[in-house]
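# Architecture at a glance
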Amino acid sequence: MLTRSPIILSGLLAIGLALSGCVAPRVGPGDEAYDPLEDANRGIFAFNQEVDRNVLVPVAQAYRTVVPPPAQESMRDFLRNLNHPVIFANDVLQGQPELAANTLGRFVINTTIGVGGMFDVASRVGIPYHSTDLGVTLATWGFDSGPYLVIPVLGPSNVRDTIGMIGDSFADPGGQVAASYHKYYASLGRTVAEGIDTRARNIESLADIERTSLDYYATIRSLYGQRRAAQIRHENANLPNPGLGGDTGSAAIVYSAPPPR
């Protein structure tokens, strides 16, 4: 699977180019998003809201109640550190040498002095964290976003970011190592932990947005678009994450390569 990954990624990029560049028109300055699948997206959004109210929020609230804040912070730092290899690769692909150097420095410092990433020592010495992903890389390369999508459970996305999410999953060394040792539960556990941590940090902010929104679906769609646009510009918009994608804003998925024959 490792030897086939470049071929698979090339296929994904080709599909992304066809769907985002050929199917979707450019979004005009006054448009919220290109959402030709709105009826289907609203149905999935309603399903996601039921899952959120009955499963995700109660679990996230229990997590905040049971786990002390310092332990929550260490968990967040550890998960962020696991994402650094993919972030570094995308920094390089985006032609951002300074960000790439920062990411590499953070990974080395936090993995060693920070006890495997449990402590964010790098931020304390002046190397701040930033997130990026293949969706941002594709945008940098000129790919259109394509139609807006709502993914079951994971939340808002679009064609470009979905392709990027899959590509990042193939490229993630942690997932590859877990799969090579048949530890598929490790990838699943990491994805679940990222989702819980992300939801726990956005309970109040998303609840306030829902309470004050005339159309919560449209508000989340707009919020996702604004947040992704800021990430593409390498800006910090301080907007809540409306999905379950950790710091990237692009929902994480579990990928486990089958063992080599």
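Residues numbered from 1 in each chain as written. Predicted model: local features only at pLDDT ≥ 70, side-chain atom pairs only at ≥ 80, totals over all residues. Heavy atoms only, no water.

### Some thoughts on a nonpolar patch on the surface
- Side chains of F88, V92, L104 and V108 sit close together on the surface and give an oily, nonpolar patch of about 320 Å² of accessible area.
- Looking at the nonpolar patch, the elements with two or more residues in it are α3 (69–93) and α4 (97–112). (Patch = residues over 30% accessible without salt bridge, like charges linked within 9 Å, V, L, I, M, F, W, Y side chains within 5 Å. Areas by Shrake-Rupley, 256 points an atom, 1.4 Å probe, with all protein chains shown as cover. Salt bridge = Lys/Arg side-chain N within 4 Å of Asp/Glu carboxyl O. Helix = DSSP H or I, 4+ residues; strand = E, 2+ residues; numbered from the N terminus.)

### Concerning the packing of aromatic side chains
- A full pass over the atoms with the stated rule returns four aromatic pairs.
- Taking the centre distance of 5.4 Å and the plane angle of 80 degrees together, the rings of F45 and Y217 count as edge-to-face. A residue pair is termed long-range when its members are at least 10 positions apart, and F45 in helix α2 (residues 38–66) and Y217 in helix α11 (residues 216–232) qualify at 172 residues.
- Residue classification places Y217 among the buried positions, given a relative accessible area of 2%.
- Put simply, the rings of F45, Y148, Y216, Y217 and Y224 pair up and form one aromatic cluster. (Phe/Tyr/Trp six-rings, centres within 6.5 Å; stacked < 30°, edge-to-face > 60°. Buried < 20%, exposed > 50% of the residue type's maximum accessible area, 1.4 Å probe, protein only.)

### Things to note about the pattern of salt bridges
- This model, assessed by the stated rule, comprises 18 salt bridges.
- Residue R221 pairs with E38 through a salt bridge whose shortest N-O separation is 3.8 Å. Here the residue R221 occupies a position in helix α11, and E38 occupies one in helix α2, the gap between them amounting to 183 residues.
- By relative accessible area, which is 27% here, E38 ends up partly exposed.
- What emerges from the salt-bridge pattern is a single network uniting D35, E38, R42, D215 and R221.

### Focus: the environment of I44
- Here I44 is to be found in helix α2.
- Taking the C-alpha atoms as reference points, I44 and V153, 109 residues apart in sequence, are found 8.4 Å from one another.

### Some details on the packing of α3 against helix α9 (residues 184–201)
- At a minimum axis distance of 11 Å, the contact between α3 and α9 shows a crossing angle of 125 degrees. Considering the angle they form, α3 stands oblique to α9. As for how α3 packs across α9, the hand of that crossing is left-handed. Counted together, Q72, R76, L79, L82 and N83 of α3 and R190, A193, E194, D197 and R201 of α9 form the full contact between these two elements.
- Here the contact of α3 with α9 is composed, by residue class, of three nonpolar, two polar and five charged. (Axes fitted to C-alpha atoms, helices over the stretch in contact; angles between N-to-C directions. Parallel < 35°, antiparallel > 145°, perpendicular 65-115°, else oblique. Left-handed = near helix turned anticlockwise from the far one by under 90°. Contact = heavy atoms within 4.5 Å. Nonpolar A, V, L, I, M, F, W, Y, C, P; charged D, E, K, R; others polar.)

### Here we look at the packing of α3 against α4
- Direction vectors running N to C along α3 and α4 enclose 160 degrees, while the axes themselves pass 8 Å from each other. Here α3 lies roughly antiparallel to α4, going by the angle between them. α3 and α4 meet at a crossing whose hand is left-handed. In this structure, α3 uses N81, H84, P85, I87, F88, D91 and V92 to contact α4, whose residues at the interface are L99, A100, T103, L104, R106, F107, N110 and T111.
- Looking at the contact of α3 with α4, its residues break down into eight nonpolar, five polar and two charged.

### Digging into the environment of G225
- With respect to the secondary-structure elements, G225 resides in helix α11.
- Judged by relative accessible area, G225 falls into the partly exposed class, the value being 34%.
- Distance from G225 to S157, taken between C-alpha atoms, is 8.8 Å for residues 68 residues apart in sequence.

### Describing the pairing of strand β2 (residues 155–158)
- Summarising the sheet, strand β1 (residues 148–151) and β2 pair through four bridges and their orientation is antiparallel. Looking at β2, one finds that L149 is bridged to S157.
- Hairpin connection of β1 to β2: three residues between the antiparallel strands, including V153 at a positive phi of 70 degrees. (Pairing = 2+ DSSP bridges.)

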